[in-house]
Every structure is written in C-alpha cells, then in structure tokens.
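# Overview (structure and organization)
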Amino acid sequence: MNYQEFILNKSQIGRNYGFEPKFIPGMLFDFQRHLVEWSQRKGRAAIFADCGMGKSPMELTWAYNVAEKTGKPVLLATPLAVGKQMQHEGQKFQIECYRSPNGNWPKDQRIIITNYERLHYFNPHNFGGMVCDESSILKNYDGKTKAAITEFMRCLPYRLLGTATAAPNDYIELGTSSEALGEIGFMDMLGRFFKKCGSTTSRKDELQADKWRFRGHAEHDFWRWVCSWARAVRKPSDLGYDDGQFILPDLKINNHIIQAETMRDGFLLDLPAVSFFEQREETRRTLQERCEKAAYLVQNTGKPAVVWCHLNDEGNLLAKLIDGAVQVSGKDSDDFKVEAFENFTDGNIRVLVTKPRIACFGLNWQHCNHTVYFPSHSFEQWYQSIRRFWRFGQSQPVTVDVVATEGQLVTMQNLQRKAKASDRTFSRITELMNDELRLQIKNEYTNAEELPKWL
C-alpha cells in the first residue's frame, strides 16, 4: 500500500466499488436513469427517493446489472406483502423475478425476492449482491433484523438501500445505513462528526438522536459525506430534471377534535395530556368516541378507505362499527396479511383497518384517496401512512381525516414540529447534494496539475 492509498482509506468520502451498467430499460425516466447509473458505479449506495418515484424499477435494474456482472443471483429483500408487488413491477419492465420464501429457487433466476422475516433461510455466499427495499428498517440500532441484514450484506461486494423516509434528521438511521453499506461504522460516525450532550443513563438512552450534536464545523462535512454514498430526492427537479408528471395532487388534512365524554380523575377540564402516562390514559379513555367518529367518516362513502389505529382494542371496535371492514392485526398469519392487502389493492375489500407498523411501508394504494388516522408521536409512521395514497401516480386529491381529542393536541403539535424539521433538513441535504454534484462534474474536467500544490 502506497501513501496515496493509505490516505484514501482514511477518507470520509465514499469510494466507487461498482461498474458501468449495460442494461437500462427504455421505460425509465431520465432522473431514474441518472440514479441507476450513479448507484451502479458506486456499487454500494443508498437511494432515498420519495414515494411513487420508481424505486422498484430502479432497484430491479440495479439488481439485474449486478447479476449479469457477477454471474450470481441478487437477493431483493422487502417488507411483508411487498414481494408480489415487486414481482409485478418486474413484469412491467420485463425483468424476471422469482419469489422465494424458503431459500430455494430455480438456478436460472437472476433476481430472488424474499421478505426480511425470511432472511435466515438464505446464504449470502450464494449471491452477488443485495437490495434492501424500505431500508429504514435499519434504523433500530439494537434490533435483530438490523443486525442480521448488516451481517448478511457484509459478505457481498454490491449493496443497495432504497427508502422514501431515511429520516434525514435521524442521524442514528444514517449511521446504521452507512454501516450496512460498508462505509464508516455507526460508532465511528458519531465519534467523527458529533459530540454527546448531557449524561446518559443507559445504552438505549445513549443512542437517542437528540443526545448528539454536531461538532463545531462538522455539519457541512457530515452531509457531504452522506452525499458521497446516498442520493436524496423528493422530485426530479432536485436532480436538475423536469418534474413533468411527478407533481402530487392536492392533500387535504382535516383535524376532527373529539370532546371526551369522561374527564380524567380529579380534573374538571379536558386538558392536554403531557406525560407519556397521561397520553396513554387519554387514548384508552376516549377509545369509543374516536372509533365512532372514524367509522362515521368512512361508513357511507362507498369509496375505498384505510383506517390506521395503534391499539388492538381500537382495531377490534372499528371492524365492528364499519360494515364490511377487514382488520389486519399483528396476530394474523403472514399469509392472511398478504391476502388481505392484495384484496384491498384489487378492490375486493373496501375498508381496511390496520396499524402503521404493519402496513405503512412499501405498498402502492393509489386506487384509494381517503384515509383516517389516529395520531401518534412517530413522524415516520405518519408520513409513510399518508404516502400509501398521496404519491406520484395518484390521480385524485387525497383526504386525510385526523381523529384526536383535545388531550392529544400535544401529540399533533409534535408531529407538525417534526414535519417542519424534516422539510428543512431535507432541503439542506438536497442543496449540499447538488453542490457536491457540481463539484464532481467540475473535477472531471479539471486537470489536477493546474491546481495549487496545497490542494
């Protein structure tokens, strides 16, 4: 190893591990082609593209090129029920895929699709690369799934992450994504760019994003480093392309504030619930009123709708109150969940009742433009739940009915705060990404010998 190679290994800017793609479907839009070519040259990359921007065809194209290059199949892991949808996307773009739930597949298949829950059936040494669809699953640093995915990908030369919500203000998730791609490790990232604020009482507490702050002048370097292995895109114009048909319809959010019929013990007024205990008690105390309102909003519309809840008792009651509604809960088998989601997509189920953590990732439900949501503090669940409907390809304005009580106003304000923070941060990373792209283009046409020696 010479000195230049030594310095390169110490660099925070990710290197290229890939190759020039030979197969690009003609159906891809120009910005999708750009992202595929960039990620293919990187070899290990992340595409943080918004819902409906075509992550599926981009992932499939990337996987096909890797399979052709390595002579080995590529594993494409998805959330539950998304596998069949991904297979349909492959048929649309004439990219053959095979779904395998048990680690077996015909030897002539290039792209193997499975669910994250089935990853233990597969051997990484049988594959030339891996694609993680909805890769925000990596955000749980201590999670078993995150550990299994990272260990699986560690053996592979080519890796791709794709998600709509990389939570750009969640540095923990960006660190775990970097580690899965083989860039800077999670703890190394924290040590280089951040400093700890205040004291922590546990390992879990230490890994909270709000416990870390950027070092003095590290913020720009941090986002420049992220842009070296990731691209964040909410619309084609973020990459300098025309938005064309990628313009979202109107989104109408209606807040329905329910008056609780019973007060908290010892209270004369229904004040906002502040502590976690108060918020939990508020949710259970107003269960009947909220469910009745949600049922009223979707009962007689005659149109498809999804009601998002967080408690089993909420789901059970909603299923009773709404005629013909089908509930999908955690206790249901994987086969039942997949069948219910497919029946809703095909129009055989009009109203679906489920939880965001079960169905808010990866599913395309543009045939539906009405949803009812019980608020929680999770911005990711809120964002992803709405984006099942309000996504590119939706032809109708989308209506979101938020059913809450006066005691839940703090929860709703917290969601609004997180949404604004995410927009600001995403705009910042897009700006830095474009600066980095301009710098890369300039460097390609600049003779290094013409630069001052200190550069």
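In what follows, the structure referred to is the one given above.
Our subject in this report is the structure included herewith. (Residues numbered from 1 in each chain as written. Predicted model: local features only at pLDDT ≥ 70, side-chain atom pairs only at ≥ 80, totals over all residues. Heavy atoms only, no water.)

### Examining the overall build of the chain
The helix and strand inventory of the chain stands at 16 helices and 15 strands. The buried share among the 455 residues of the chain stands at 54%. Taking the contacts inside the chain whose residues are at least 6 apart along the sequence as the reference set, 72% of them involve residues at least 24 apart. Working note: accessible area of the chain is about 21,900 Å², and carbon and sulfur atoms make up 48% of it. (Helix = DSSP H or I, 4+ residues; strand = E, 2+ residues; numbered from the N terminus. Buried < 20%, exposed > 50% of the residue type's maximum accessible area, 1.4 Å probe, protein only. Contact = heavy atoms within 4.5 Å. Areas by Shrake-Rupley, 256 points an atom, 1.4 Å probe, with all protein chains shown as cover.)

### What about the nonpolar core?
One finds M130, M189, F194, F222, W223 and W229 to be the most contacted residues of the largest nonpolar core, which totals 77 residues. With seven residues, helix α3 (residues 55-70) is the largest single contributor of residues to this core. Apart from the residues lying within four places of it in its own chain, the contact partners of M189 are Y171, L174, G175, I184, F194, F222 and W225. In terms of nonpolar packing, the next biggest core, distinct from the first, is built from 31 residues, F344, C368, I386 and A404 among them. (Core = buried A, V, L, I, M, F, W, Y, C linked by side-chain atoms within 4.5 Å.)

### Considerations on the sheet that holds strand β4 (residues 111-115)
Strands sit in the order β3-β4-β2-β5-β6-β1-β9 across an open sheet of seven strands; the sheet is parallel. In this open sheet, the two edge strands, each paired with only one partner strand, are β3 (98-99) and β9 (230-233). Examined bridge by bridge, strand β2 (residues 74-78) and strand β5 (residues 129-133) share four bridges and lie parallel to one another. Counted as the bridge partner of A77 is C132 from β5. (Pairing = 2+ DSSP bridges.)

### Details of the packing of aromatic side chains
Using the criterion set out here, one finds 26 aromatic pairs in the structure. Between F122 and F127, the ring centres sit 6.2 Å apart and the planes meet at 50°, which makes this aromatic pair tilted. Here F122 and F127 have matching classes, each one buried. The rings of F48, F193, F194, F214, F222, W223, W225 and W229 are connected pair by pair, giving a single aromatic cluster. Over the ring of W105 we find K107, and its NZ or CZ is 5.7 Å from the ring centre. Just above the ring of F374 sits the side chain of R290; from NZ or CZ to the centre is 4.8 Å. (Phe/Tyr/Trp six-rings, centres within 6.5 Å; stacked < 30°, edge-to-face > 60°. Lys NZ or Arg CZ within 6 Å of the ring centre and 35° of its normal.)

### Section: the pattern of salt bridges
For the structure on display, the rule yields eleven salt bridges. Among the salt bridges present, the one from E281 reaches R285, with a minimum N-O distance of 3.1 Å. Here the residue E281 and the residue R285 both occupy positions in helix α10 (residues 276-285), the gap between them amounting to four residues, near one helical turn. Using a relative accessible area of 15% as the deciding quantity, one classes R285 as buried. Salt-bridge contacts for R284 lead to D313; the nearest nitrogen and oxygen are separated by 3.7 Å. With a gap of 29 residues between them, R284 in helix α10 and D313 in helix α12 (residues 312-321) connect regions that are remote in the sequence. By relative accessible area, which is 42% here, D313 ends up partly exposed. (Salt bridge = Lys/Arg side-chain N within 4 Å of Asp/Glu carboxyl O.)

### A closer look at the environment of L35
Position of L35 among the secondary structure elements: in helix α2 (residues 30-42). With relative accessibility at 0%, the residue L35 sits in the buried group. C-alpha separation for the pair L35 and W62, spaced 27 residues apart in sequence, amounts to 9.7 Å. In contact with L35, not counting residues within four places along its chain, are I47, M58, R231, V233 and L239.

### Here's the deal with the pairing of strand β1 (residues 44-49)
With six of six residues buried, β1 lies mostly within the body of the structure. The side-chain alternation of β1 yields two buried faces, one formed by R44, A46 and F48 and the other by A45, I47 and A49. With five bridges connecting them, β1 and strand β6 (residues 158-163) associate as parallel partners. Its bridge partner lying in β6, A46 is registered against L161. Pairing analysis gives four bridges linking β1 to β9, with the strands arranged parallel. Its bridge partner lying in β9, A49 is registered against V233.

### Considerations on a negative patch on the surface
Taken together, the side chains of E117, D334, D335 and E339 present a region of like negative charge at the surface. Relative accessible area serves as the criterion here: at 32%, D334 is assigned to the partly exposed category. (Patch = residues over 30% accessible without salt bridge, like charges linked within 9 Å, V, L, I, M, F, W, Y side chains within 5 Å. Lys, Arg positive; Asp, Glu negative; His and termini not counted. Charge placed at Lys NZ, Arg CZ, Asp CG, Glu CD.)

### Some thoughts on the state of the cysteines
Scanning the model with the defined rule gives zero disulfides in all. Free of any disulfide, C51 has its nearest cysteine sulfur in C360, 9.5 Å distant. (Disulfide = S-S within 2.5 Å.)

### As for the sheet that holds strand β13 (residues 351-354)
The strand order across the open sheet formed by six strands is β10-β15-β14-β11-β13-β12, and the pairing between neighbours is parallel. On the outer flanks of this sheet lie β10 (251-258) and β12 (326-328), each paired with one strand and no other. Mean inter-strand twist for the sheet, computed between neighbouring axes without regard to direction, equals 20°. Direction of pairing for strand β14 (residues 370-373) relative to strand β15 (residues 398-405): parallel, over a ladder of four bridges. When the bridges of β15 are listed, H370 appears paired with T399. Of the strands in this sheet, β11 (305-308), β12 and β13 are in contact with α12, which crosses β12 at around 165°. (Axes fitted to C-alpha atoms, helices over the stretch in contact; angles between N-to-C directions.)

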